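Structural features, examined
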Amino acid sequence: MGVTEAQDLRAQIEALQARVEILEENAPEDRLALGVMSGDLDYVMAAFIVALGAAAYDMEVDMFFTFWGTAALRDPQKSVQKDALGKMFGAMLPNSAGKLPLSKMQLLGLGPVMIKEIMKKHGVKSLEELLADAAEFGIKIYVCTMSMDLMGFKKEEFIDYPNLEYVGVGTFVDLFSRAKQCWFM
Amino acid sequence: MGVTEAQDLRAQIEALQARVEILEENAPEDRLALGVMSGDLDYVMAAFIVALGAAAYDMEVDMFFTFWGTAALRDPQKSVQKDALGKMFGAMLPNSAGKLPLSKMQLLGLGPVMIKEIMKKHGVKSLEELLADAAEFGIKIYVCTMSMDLMGFKKEEFIDYPNLEYVGVGTFVDLFSRAKQCWFM
Amino acid sequence: MGVTEAQDLRAQIEALQARVEILEENAPEDRLALGVMSGDLDYVMAAFIVALGAAAYDMEVDMFFTFWGTAALRDPQKSVQKDALGKMFGAMLPNSAGKLPLSKMQLLGLGPVMIKEIMKKHGVKSLEELLADAAEFGIKIYVCTMSMDLMGFKKEEFIDYPNLEYVGVGTFVDLFSRAKQCWFM
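Residues numbered from 1 in each chain as written. Chains lettered and ligands numbered in written order. Predicted model: local features only at pLDDT ≥ 70, side-chain atom pairs only at ≥ 80, totals over all residues. Heavy atoms only, no water.

**A short note on the overall build of chain A**
Cut-off, in case you're wondering: Helix and strand assignments come from DSSP, with helices taken as H or I runs of at least 4 residues and strands as E runs of at least 2, each series counted from the N terminus. Here the globule rule reads 2.2 Å times residues to the power 0.38, and the radius of gyration is calculated from C-alpha atoms. Residue burial is assigned from relative accessible area. The probe radius is 1.4 Å, only protein chains are included, and a residue is buried under 20% of its type maximum, exposed over 50%, and partly exposed in between. Residue contacts are counted whenever heavy atoms from the two residues lie within 4.5 Å of one another. In short, Shrake-Rupley with a 1.4 Å probe defines the accessible areas, and a residue's cover is counted only from the protein chains shown. In this tally Asp and Glu are treated as negative and Lys and Arg as positive; neither His nor the chain ends contributes. A single reference atom marks each charge: NZ on Lys, CZ on Arg, CG on Asp, CD on Glu.
Counting its secondary structure elements, chain A contains seven helices and five strands. Ordering the α and β elements of chain A from the N terminus gives α-β-α-β-α-α-α-β-α-β-α-β. Computed over the C-alpha atoms, the radius of gyration of chain A is 22 Å, more than 25% above the 16 Å expected from 2.2 N^0.38 for a compact globule of 185 residues. Summarising its shape, the C-alpha atoms of chain A cover approximately 85 × 40 × 25 Å along the three principal directions. A buried classification covers 55% of the 185 residues belonging to chain A. Counting contacts in chain A only where the partners sit at least 6 residues apart, residues at least 24 apart contribute 75% of the total. For chain A, the accessible surface area stands at approximately 7900 Å², while carbon and sulfur atoms represent 53% of it. One way to put it: in chain A the 18 positive side-chain charges average out to a point 9 Å from where the 26 negative ones average out.

Now the structure itself:
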């Protein structure tokens, strides 16, 4: 093989390296991004059950809570000073994970009580226990600041959670751009 | 070209092969995974219409039915022995695809009747026909066993479908990890 | 290095090129596909806020409006001749983005009024303004023709939007097959 042929091979390898690099940069990471907009007990629980399932298979999981979903992260023990509108919203929306309604069969409040009883009977964890597990698995929770503004929620009234951040929609875009899967519920 | 240069080229090619192999292993397959949690006629129909559309374009389609969605797969002709709670749930939830409510304009039961009439008029298939098509296209249906436990549903009361499996959330995680797209509705 | 070794290297490079080509062909594009089935103000707004966020990060965004979602794109100033069923549906469904209900706290119509007041106060854009921004960012809107048929909607009653197309479910499948992420809400 002559020098020109060797140079040609080298050039082809370099071209391939550049293409592989682009593929690697754009390849989705082993991450799951969940946008939780629903504030219904059944959907929030489903989000955590899937999140924990994915984390058990070593996926990185990011959960972005927005709109009604943010109410699931309020701590009923914490109270904050608010203006009239904030107080009204605060009173109308659930004050914690324990107070979320069901999307179906709410039955004037009986539905969630029944579902929780049945879950307990079948050894399914409560939302509060799922949250504790999520913290242990290193699942990251992001709270949408625009939603907090709209609903008059303050950082001081959210639960203590090791990996919780207050972010804008740009962070969510960044999270799902890198994720293998993202869904919004 | 000397021996060292040839060895160098070979080493570079091998390094590239290893990187391409990793990319290939992690590349999403041509699969669509649908998590059907809603038990509303409109959402379940949308799931099947998209599933059949994807199958027509040669995508593999996996449908995971959970929570309220499982009720869409019950066969009204089959009855099973249940305890009191199971009986109650069985009676409160739709007993088949034909009994699903609408997410909007339910109108005390008139909405679904109207929608079905209009769909027929426009040559849109009914949910029962979509299910038959899905079976023919080889679309796989997975029923969430945790949801079955919660709602007291037994395997014996589900429809006959050639590709139906009863699975846990881990299977769903595996399905969507390999899929090109997954959504949850 | 002899001639056979050079030929061998060349063959290996060619094999790699073929594999990289397949990876490149199947690599998802930097696109976001959103299926908007919900006709609720909060979900449609969320779709546009995410769409604009993604567009700001230079992603291409395709929005497919189907079922109840199509009502958000009606122009209240435009009226068309319809048969009895079409008139009834036309009257029952919102006639524009400005008339969408909320998924929660509808409060007999008070909810949307309140939310809009609060959004204005916090400098959050209205749905009409988000639509104008979407047009400017080149976000493409697709309207599901099957849904139009079902609801008796005519092309003539939809808003003027620079990038609006009337398409079937096959187009949606094509859009999400190429997208990095797709979700359905």
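**Observations concerning the interface of chain C and chain A**
Filter applied, for reference: The term buried area denotes the loss of accessible surface (1.4 Å probe radius) that occurs when two parts are joined, taken as the sum for both partners. For this analysis, a salt bridge means a side-chain nitrogen from Lys or Arg found within 4 Å of a carboxyl oxygen belonging to Asp or Glu.
Across the boundary between the two partners, chain C contributes 40 residues, which contact 39 residues of chain A. Between chain C and chain A the total buried area reaches about 3500 Å² when both faces are included, carbon and sulfur atoms providing 73% of it. If you sort the residues of chain C by the area they bury against chain A, R10, Q181 and W183 of chain C come out on top, with a joint share of 17%. The interface formed by chain C and chain A contains five salt bridges. Note that R10 of chain C and E5 of chain A form a salt bridge whose closest N and O atoms lie 3.1 Å from each other.

**Overview of the relation of the copies chain C and chain A**
Filter applied, for reference: A residue counts toward the fit only if its pLDDT is at least 70 in both copies, and the copies are then superposed by least squares on the C-alpha atoms of those residues.
With an RMSD of 0.0 Å, chain C superimposes on chain A once it is rotated by 120° and translated 0.0 Å along the axis. Both copies are brought into coincidence by an operation consistent with a three-fold rotation axis. Closest approach to the rotation axis among the C-alpha atoms of chain C is made by W183 of chain C, whose C-alpha sits 3.2 Å away.

**Here's the deal with the interface of chain B and chain C**
Short version of the rule: Whenever a nitrogen or oxygen atom comes within 3.5 Å of another N or O atom, the pair is scored as a polar contact, on the condition that within protein one atom can donate a hydrogen and the other can accept it, and that pairs from neighbouring residues in sequence are kept only if both atoms are in side chains.
Each side of the interface is counted separately: chain B has 40 residues, and chain C has 38 residues. The contact between chain B and chain C buries some 3600 Å² in all, and 73% of this surface belongs to carbon and sulfur atoms. For chain B, the biggest contributors to the area lost against chain C are R10, Q181 and W183 of chain B; these three give 17% of the whole. For the pair chain B and chain C, the number of links is five salt bridges. The partner of D40 of chain C in a salt bridge is K104 of chain B, with the nearest N and O atoms 2.3 Å apart. Between chain B and chain C we count ten residue pairs in polar contact (both at pLDDT 80 or more) in total. Of all the secondary-structure elements, those providing two or more residues to the side of chain B that touches chain C are α1 (3-26), α2 (41-56), α4 (110-121) and β5 (181-184) of chain B.

**A few points about the packing of aromatic side chains**
In plain terms, the rule: Only the six-membered ring of Trp is used, alongside the rings of Phe and Tyr, when aromatic pairs are assigned; centres must lie within 6.5 Å, and planes under 30 degrees apart are stacked while those over 60 apart are edge-to-face, with the rest tilted.
Considering all chains together, one arrives at 27 aromatic pairs over all chains under this definition. An angle of 35° between the planes, with centres 6.0 Å apart, marks the rings of F48 of chain C and F65 of chain C as tilted. Taken as a pair, F48 of chain C in helix α2 (residues 41-56) and F65 of chain C in strand β2 (residues 60-65) lie far apart in primary sequence, 17 residues in all. With a centroid separation of 6.1 Å and an interplanar angle of 45°, the aromatic rings of F172 of chain C and F184 of chain C are classed as tilted. Placement of the pair is F172 of chain C in helix α7 (residues 169-178) and F184 of chain C in strand β5 (residues 181-184), with a sequence separation of twelve residues. By relative accessible area, which is 1% here, F172 of chain C ends up buried. Here the aromatic residues F64, F172, F176 and F184 of chain A together with W183 of chain C are joined through ring pairs into a cluster of three or more.

**Observations regarding the pattern of salt bridges**
One pass over the structure, following the stated rule, counts 45 salt bridges over all chains. A salt bridge links E157 of chain B to K82 of chain B, with the nearest nitrogen and oxygen atoms 2.8 Å apart. Taken as a pair, E157 of chain B in the loop between α6 (145-151) and β4 (164-167) and K82 of chain B in the loop between β2 (60-65) and α3 (84-92) lie far apart in primary sequence, 75 residues in all. On the accessibility criterion, E157 of chain B (3% relative accessible area) is buried. Through salt bridges with shared partners, a single network forms among E29, R31, D62, D174 and R178 of chain A.

**So, the side chain of K82 of chain B**
Residue and element names in this part refer to chain B. Note on K82: relative accessible area 15%, which makes it buried. Here the side chain of K82 touches G152 through a polar contact of 3.4 Å, landing on its backbone oxygen. Within the structure, K82 has its side chain in polar contact with the side chain of E157 (distance 2.8 Å). With near-sequence residues (within four places) excluded, K82 lies in contact with R74, K87, G90, G152, F153, K154 and E157.

**Observations concerning the confidence of the model for chain A**
Do not read the fine detail of predicted coordinates wherever pLDDT is low. How we decide: Per residue, pLDDT measures the predictor's confidence, with a range of 0 to 100.
Overall, the prediction assigns chain A a mean pLDDT of 93, with 99% of residues at 70 or greater. Interface scoring of the predicted complex returns ipTM 0.92; its pTM is 0.94.

**What about empty space enclosed by the protein?**
For clarity, the cut-off: Here a cavity means grid points, on a 1 Å grid over the protein atoms only, where a 1.4 Å probe fits yet cannot get out; a pocket means an open set of points with protein on both sides within 12 Å along at least five of seven lines; lining residues are those with an atom within 4 Å of a point. Grid points are joined across faces, edges and corners, and a volume is the space filled by probe spheres set on the points. Under the scheme applied, nonpolar residues are Ala, Val, Leu, Ile, Met, Phe, Trp, Tyr, Cys and Pro; charged residues are Asp, Glu, Lys and Arg; polar residues are all the others, including Gly.
Counting across every chain of the model gives four cavities of 30 Å³ or more. By volume, the largest cavity is sized at about 70 Å³. Lining of the largest cavity is provided by A46, I49 and V50 of chain B together with F64, T66, F67, C144, M146, V169, F172 and F184 of chain C. For the lining of the largest cavity, the elements supplying multiple residues, two or more each, are α2 of chain B together with α7 of chain C. Examining the composition of the lining of the largest cavity, we find that three residues originate from one element, α2 of chain B, more than from any other. By volume, the second largest cavity amounts to about 60 Å³. Taken together, P28, A179 and K180 of chain A, P28, A179 and K180 of chain B together with P28, A179 and K180 of chain C make up the full set of residues lining the second largest cavity. Here the residues of the lining of the second largest cavity sort into six nonpolar, no polar and three charged.

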